[in-house]
Each structure stands twice: as C-alpha cells, then as structure tokens.
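What follows is the residue order along each chain.
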Amino acid sequence: MSGTQTRGTCPRVSFLIATYDRREVLLHTLEKVFACGLAAEEFEVLVVDNASSDGTVEAVRERFGTVILLPQACNRGPCAKNLALAAARGEFVVFLDDDSFPEPRSVTRMIAHFHGDQSLGAAVFTVTLPDGSRECSAYPDVCIGCGTGFRRRAVMEAGGLPDDFFMAAEEYDLSLRLLDAGWKVRAFDDLHVTHLKTPASRFPKRIARLDARNNLMLAMRYFPEPWRLPYAREWLERYRLMAAANGNRAAFWAGAAEGVFRGMTLERRPISASAFEQFARVRETERRMRDAAAGMSLRRVLFVDLGKNILAYRLAARNCGLNVVAIADARLGGPGAPGSFRGVPILSNAEALRLVFDAAVVSNLSPVHAARRLATWRGLTDRPVIDLFAPRQGGGELAAAA
C-alpha cells in the first residue's frame, strides 16, 4: 500500500483527479503523485471515479488505501473534480487528469509561488507530452485541467468548475471567474507535469460537439458587450472549419444547435471589461500590431495560424490599415481545405509562401503554439516573421526574424 496519509491533520495540498475506465493509467499516475516530493502528511489525494467498469475503485483501494475515493453512479466527466474540491482540505488544490502527474519538487515550488504572491489564484504548470512536445491553453491566462494548482480559497470563491459542461472549455469558465474576481492566473516555467495523453476515452466526435456547445455558451454567458456576439460567431466558425477538416461536421452542428439554445436561455454573468481585456488582449494586440506596422513599414501581412483569438488579430490589422493576404494554417490549408475564413483565404504553408507580403504575423495567442509557428516560419522564409507577444531577443516586446 502506497502512502501513509491520515485525515486527522489538514494537509497543505490536495490533489484532485477524476477518472473513468483507465485503471492502469490511474494507478501509474497515483504512484507518481505519491513521489511528488512532499511528505506524506503534507498532502492528500482525492479521486472521483465516474462509474468505471474496469475495477478502478477496487484496485485503488487495494494499492492506495489512503486515497479518498468518491465513486459515482454515472460519468460526470472532468467536471466531477468539483466533488473532490468540496471534500478537499488543503490550502492549495492541484487539478490533474488521470494520466498526468507533477514532476518531483514542482509542487514545492508551486507553494512558494503562492506564498510569494497573495493575489495568485491559479498557478499553471508547464505540460510536457510523451514525445517531449508541450501543450497549453489557447490563451495565456487560462488554467489547464491536467496541471494547475489553485489557492483553494480562490477557486471556492469562484465556484469551481461549471457543472453544465461535462468537459471542454471548463477551464475557461473557471479562469474567467477567477480573473473577474481579481485573482491572477499565471503559468510558470519551473512547474512541470507530464501528460500521457492516453487515447482511451478520447472521442473526437464528442469533443467536436462539446467544443462547439461549451465555447458558444462561454461567450454568451460571460463576455461583455460588445464582444459577446462577435466572439461567439468567430469561435463557432473556427470550430466548424476544424470539425469539417476532421470529418466531424454532424457532431459540430449538434453541439452548435445545443449551444445556441442554451445560450439563449442561460443567465448572463458578464465579466468586467478589464477582466475581458486581460483574457482576450484585444486592445493590447492592436497596440502591438500598430507598433510593428510603424516600426517595419508594413502594408501587407500574412497571418500564420487560425488561432482561437483570431478576431483580435483581424480587428487589429483592420484598424492599423493592414491588408491580410491570407491565413497560413498547416491543419486547415491545402487540397480540400475550407477555402476562407471571414473572406480571407486559408492556405497551406507552401501556398502562402508564394504570396507577396511584408511580414508573417503569428496569429495565435497560445504561447506554446505561437512559439512553434514562429520557429517553423523562421525556417521557411527570409521575410520578417513576427510574434507580437514573444519577448524580443534583446529584452523588448516584439520577436521578429528578418
């Protein structure tokens, strides 16, 4: 039996995991969690089992007798972590997937970050996949379900995960409420989790449906005017193109229909304009685009990536008087591609390279994806390649390669 935790003392950290029919994966994760570098009395582990039929509950009880199990009668998805959150006692809670685990000593460093900044509500871990690549949210100030630490007081005040989402975009819902309440959501380079990205229980059609439904509900519920409908339309069109490229059109339309219906009936809880700007960075994107255009005498630009915040980039280019010649997207461009997004052609990298433009602008706010696109395009062209939000090599704000 692993671990010697007791319920008699309050731990510093509570690890929260929801699982469904991934017994062996979960057992491996628990082994890693118990080796996180904290003393046994400093943490507790709570596992919500979403009605697994593979003997998960019995196996955990046998091998990890100190784990607090919360068996359910049905599958409530990743949002079932709310049940563990209600039972957690730690000053800090860590959300993990059943196939993600913190690297040794990362949790100790997480605690230090919380103690060093009393306004920090969520500390987002750097996530590494088995092939060595990294993943993160499409927006910088958004937590990620497979590896985020929270100040328990902050996440409890915010209300936890949304009970009506099941999965997909639930981290956005929580992050927006944290930001609106004045808490910081920040990623740290010295906090690391490994995410095995286990294929079991990952169903593309379900993801396509819930991505459309939940993101539409998110915008309709929280985004302030005048951004509610523009972002809802923009996100919906982007997910439509992604679903079509992956053969999931029917699933997308089912989710979109459900999202429209729910979006019309749900209670509006718009966040403040300042919290929205911190999240979407619309004005900041335009300011940086304007600086780049003036500094480099730009007139014609190529967007690189149909990122989730493409609306902010499109509006910035329009307001700066820039002509966007195309969007280069390796996933959506090429033969059989959808053709265009809001009138702008979507092309493969090879097709886009044949166009005339002054600079390529990485139109993706995700730090991980933006860095990949920047590196790729620096190797493809000798024209300037710009990531508006990357640190300049000399210490400034703009990263460009000429």
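Everything that follows concerns the structure shown earlier in this document.
Residues numbered from 1 in each chain as written. Predicted model: local features only at pLDDT ≥ 70, side-chain atom pairs only at ≥ 80, totals over all residues. Heavy atoms only, no water.

What about the overall build of the chain?
In terms of regular secondary structure, the chain is built from 14 helices and 16 strands. The principal-axis extent of the C-alpha atoms belonging to the chain is close to 65 × 50 × 40 Å. Counting the 402 residues in the chain, one finds 56% classified as buried. For the chain, restricting intrachain contacts to residue pairs at least 6 apart in sequence, the fraction spanning at least 24 positions comes to 74%. Taken as a whole, the chain presents about 16,500 Å² of accessible surface, with 53% of it coming from carbon and sulfur. Averaging the coordinates of the 52 positive side-chain charges in the chain and doing the same for the 45 negative ones gives two points 4 Å apart. (Helix = DSSP H or I, 4+ residues; strand = E, 2+ residues; numbered from the N terminus. Buried < 20%, exposed > 50% of the residue type's maximum accessible area, 1.4 Å probe, protein only. Contact = heavy atoms within 4.5 Å. Areas by Shrake-Rupley, 256 points an atom, 1.4 Å probe, with all protein chains shown as cover. Lys, Arg positive; Asp, Glu negative; His and termini not counted. Charge placed at Lys NZ, Arg CZ, Asp CG, Glu CD.)

Observations concerning the layout of surface pockets
One number sums up the size of the second largest pocket: a volume of about 470 Å³. Along the wall of the second largest pocket there are 21 residues; nearest its centre are T126, A187, F188, D189 and P367. Residue assignment for the lining of the second largest pocket shows that the elements contributing at least two residues are β6 (120-128), β7 (134-135), β9 (184-195) and α14 (367-378). Of the residues assigned to the lining of the second largest pocket, the class counts are 13 nonpolar, 2 polar and 6 charged. (1 Å grid on protein atoms, 1.4 Å probe; cavity = no way out; pocket = protein on both sides within 12 Å on 5 of 7 lines; lining within 4 Å. Points joined across faces, edges and corners; volume = space filled by probe spheres on them. Nonpolar A, V, L, I, M, F, W, Y, C, P; charged D, E, K, R; others polar.)

Considerations on the packing of helix α7 (residues 204-222) against helix α8 (residues 228-245)
Packing of α7 against α8 brings their axes to within 8 Å, and their N-to-C directions diverge by 170 degrees. Put simply, α7 runs roughly antiparallel to α8. Across the interface between the two elements, A208, D211, A212, N215, L216, L218, A219 and M220 of α7 pack against R228, L229, A232, W235, L236, Y239 and A243 of α8. Residues of the contact of α7 with α8, tallied by class, amount to 12 nonpolar, 1 polar and 2 charged. (Axes fitted to C-alpha atoms, helices over the stretch in contact; angles between N-to-C directions. Parallel < 35°, antiparallel > 145°, perpendicular 65-115°, else oblique.)

Some thoughts on the packing of aromatic side chains
Tallied over the entire structure, the rule returns 20 aromatic pairs. A centroid spacing of 5.5 Å and a plane angle of 65 degrees characterise the contact between F34 and F43, whose relative ring orientation is edge-to-face. The same class applies to F34 as to F43, namely buried. Judged by centre distance (5.5 Å) and plane angle (85 degrees), the ring pair of F223 and Y231 falls under edge-to-face. The exposure classification of F223 matches that of Y231, with both residues buried. Here the basic side chain of R342 rests over the ring of F341, its NZ or CZ set 5.7 Å away from the ring centre. (Phe/Tyr/Trp six-rings, centres within 6.5 Å; stacked < 30°, edge-to-face > 60°. Lys NZ or Arg CZ within 6 Å of the ring centre and 35° of its normal.)

Examining the pattern of salt bridges
Under the counting rule described, the total for this entry stands at 27 salt bridges. Here E258 ties to R213 by a salt bridge, and the two come within 3.1 Å at their closest N and O atoms. One end of the pair, E258, is in helix α9 (residues 249-265); the other, R213, is in helix α7, with 45 residues separating them in the sequence. Owing to a relative accessible area of 23%, E258 belongs among the partly exposed residues under this scheme. Each of the salt bridges in this network shares a partner with another, and the network as a whole consists of D164, D173, R177 and R221. (Salt bridge = Lys/Arg side-chain N within 4 Å of Asp/Glu carboxyl O.)

Quick word on the environment of Y239
With respect to the element layout, Y239 can be found in helix α8. Sequence separation between Y239 and D211 is 28 residues; the distance between their C-alpha atoms is 7.3 Å. For Y239, the contacting residues outside a window of four places in its chain are D211, N215, F252 and K308.

Some remarks on the nonpolar core
Counting 112 residues, the largest nonpolar core has F15, M110, Y231, F279, M289 and F303 as the members making the most contacts within it. Here this core takes 7 residues from helix α12 (residues 310-319), the largest share from any one element. Ignoring any residue separated from it by four or fewer positions in sequence, one finds M110 in contact with V13, F92, V94, A123, F125, G149 and L191. By size, the runner-up hydrophobic cluster in this structure holds 14 residues, among which are L302, V304, A360 and A370. (Core = buried A, V, L, I, M, F, W, Y, C linked by side-chain atoms within 4.5 Å.)

Looking at the environment of S106
Along the polypeptide, S106 turns up in helix α4 (residues 106-116). Assessed through its relative accessible area of 0%, S106 is described here as buried. Each C-alpha atom of the pair S106 and L38 lies 9.8 Å from the other, and the pair is 68 residues apart in sequence. Look past the residues within four positions of S106 in its chain and what remains in contact with it is F125, D190, L191 and H192. A distance of 3.0 Å separates a polar atom in the side chain of S106 from the backbone nitrogen of H192. (Polar contact = N/O pair within 3.5 Å; in protein donor to acceptor, adjacent residues only side chain to side chain.)

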